[in-house]
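Descriptive analysis of the structure
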Amino acid sequence: MFLSSIHNLMIGIVLLSNSKFKIMIKKLLFINIILFTLIFMHACKNDKQQSKEAKETTKKEVKAEDNKGLSDDAIADYIQKGVKIAKASGKTLKGKLIAAVDKGGLQNGINTCNKIAQKLMDSLSTKYNTKIKRTSLKIRNPKDQPSQDEIDVLVQFEKEVKAGKKVKPTAKKLDGGEVKVYIPIMIEKVCLNCHGKIGQELKASTYEVIKKYYPNDEAIDYSEGDLRGIWSITFKK
Ligand code: HEC
């Protein structure tokens, strides 16, 4: 294309300086313009084709990276199963927590939570033949530390909550072949008794007890509607 334009330019110069070859050169110029147009069109078409191909490859790559060959239907199935397990686990945990608070106040609730939360996750994991975990960007129990894939999801969910969107459960196939489902956990009013702001919903005396069990606690300062964390349910391959 570049050569063709130079060629055109040269012919133009010759045309101006030598009128004897005017007709012949005019013919040549005509051929050249056609040639130039054809090359230009071809280049354009190539560009379009290339960008289309690039788009398709990126799409494929993104899909492969996210789901590693799992179909959208399979992912939706996993999400459905994960949500069921998280709901059942949450119900069990909440039931035990409320019963404990009813019986012996918040202090008893904390004590019970401390005793049962991890064990419950383990026994439910066995029951459902999955790994059930609760995690957050601000954790209370150091055993609930998020892994990198969980941090990525938590950051994404956090962004969505801040943008006023309703966060939906999501799933990913990991490098090892297992599928992980991530389900948002939101802060409700009742949670503020133990995860709210100190001196407000979270009484200083309650927090003293929490600090005894969890000296490195980070899981406070939440407000209603905040993202507290996620359920992370791992299905073995
Ligand atoms: C009676 C106090 C109390 C209340 C009320 C409470 N929590 Fe907690 N929460 C705890 C304690 C204690 C732990 C640490 C449990 C453990 O040792 O595994 C915890 C841990 C968690 C975790 C696991 C992640 C981490 O930080 O270790 C999540 C998620 C969580 N709470 C969410 C909630 C939500 C949502 C509510 C309201 C529906 C709630 N909590 C209400 C005391 C409470």
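So, here is what we can say about the structure in this document. (Residues numbered from 1 in each chain as written. Predicted model: local features only at pLDDT ≥ 70, side-chain atom pairs only at ≥ 80, totals over all residues.)

Quick word on the overall build of the chain
Basically, it comes down to this: Helix and strand assignments follow DSSP, with helices taken as H or I runs no shorter than four residues and strands as E runs no shorter than two, numbered in order from the N terminus. Exposure criterion: with C-beta atoms placed from backbone coordinates, a residue whose C-beta has 20 or more other C-beta atoms within 10 Å is buried, one with 12 or fewer is exposed, and one in between is partly exposed. Whether two residues are in contact depends on their C-beta atoms, placed from the backbone: they are in contact if these lie within 7 Å.
Scanning the chain from N- to C-terminus turns up six helices and four strands. Put simply, the chain runs from its N terminus to its C terminus through helices and strands in the order α-α-α-β-α-β-β-α-α-β. Burial statistics for the chain: of 237 residues in total, 18% are counted as buried. The contacts in the chain between residues at least 6 apart in sequence include a share of 65% that link residues at least 24 apart.

With respect to the sheet that holds strand β1 (residues 130–135)
Quick reminder of the rule: For two strands to count as paired, DSSP must find a minimum of two bridges between them. All axes here are fitted lines through C-alpha atoms, helices being fitted over the stretch that makes contact, and every angle between N-to-C directions spans 0 to 180 degrees.
The strand order β1-β4-β3-β2 describes an open sheet built from four strands, whose pairing is antiparallel. Among the strands making up the open sheet, the edge pair consists of β1 and β2 (170–173). The mean inter-strand angle of the sheet, taken between neighbouring strand axes irrespective of direction, is 20 degrees. Where β2 and strand β3 (residues 179–186) come together, four bridges link them in antiparallel fashion. When the sheet's bridge partners are listed, A171 is paired in β3 with V181. Here helix α3 (residues 72–128) sits on the sheet in contact with β1, β2, β3 and β4 (227–235), set at roughly 50 degrees to β1. The strands that helix α4 (residues 148–162) touches are β1, β2, β3 and β4; relative to β4, the one it contacts most, it runs at about 140 degrees.

Focus on the environment of V101
Among the structural elements, V101 can be located in helix α3. Other than its neighbours up to four places away in sequence, V101 contacts L106, N108 and G109.

Description of the site of the ligand
The following threshold applies: We call a residue near a molecule or strand if the C-beta atom, set from the backbone, is within 6 Å of it. Residue polarity is assigned by list, with Asp, Glu, Lys and Arg as charged and Ala, Val, Leu, Ile, Met, Phe, Trp, Tyr, Cys and Pro as nonpolar; anything else, Gly included, falls into the polar class.
Around the ligand, 27 residues are found, and the nearest of them are G109, A117, R140, C191 and C194. Taken together, the residues of the shell around the ligand sort by class into 13 nonpolar, nine polar and five charged.

Concerning unusual backbone geometry
One non-glycine residue, N129, lies in positive phi territory at about 55 degrees. Residue placement: N129 occurs in the loop between α3 and β1. On the basis of neighbour counts, which here come to 9 C-beta atoms within 10 Å, the residue N129 falls in the exposed class. Although it is not a glycine, D221 sits at a positive phi angle of roughly 75 degrees.

A look at the nonpolar core
Convention followed: Joining buried Ala, Val, Leu, Ile, Met, Phe, Trp, Tyr and Cys residues through C-beta atoms within 7 Å gives a set, and that set is a nonpolar core.
Of all hydrophobic cores here, the largest spans 17 residues; its most connected members are F157, V181, I183, I230 and I233. Excluding its chain neighbours within four sequence positions, the residues that come into contact with I183 are G82, V83, A86, P169, I230 and W231. Core analysis: the next-biggest nonpolar cluster, separate from the first, contains five residues, C113, C194, L202 and I210 among them.

Quick word on the packing of α3 against helix α6 (residues 204–213)
For any two helices packed against each other, the geometry is given by the interaxial angle and the distance between the axes. Which entries qualify depends on this criterion: Any angle from 65 to 115 degrees is called roughly perpendicular, while one under 35 is roughly parallel, one over 145 is roughly antiparallel, and all others are oblique. For any helix crossing, the convention is left-handed if the near helix is rotated counterclockwise from the far helix by under a right angle, and right-handed if that rotation is clockwise.
It is at 9 Å that the axes of α3 and α6 come closest, and there the two elements cross at 20 degrees. The angle between the axes of α3 and α6 places the two elements in the roughly parallel class. Viewed along their axes, α3 and α6 form a crossing whose handedness is right-handed. Only T206, V209, I210 and Y213 of α6 make contact with α3, whose side of the interface consists of L106, Q107, I110 and N114.

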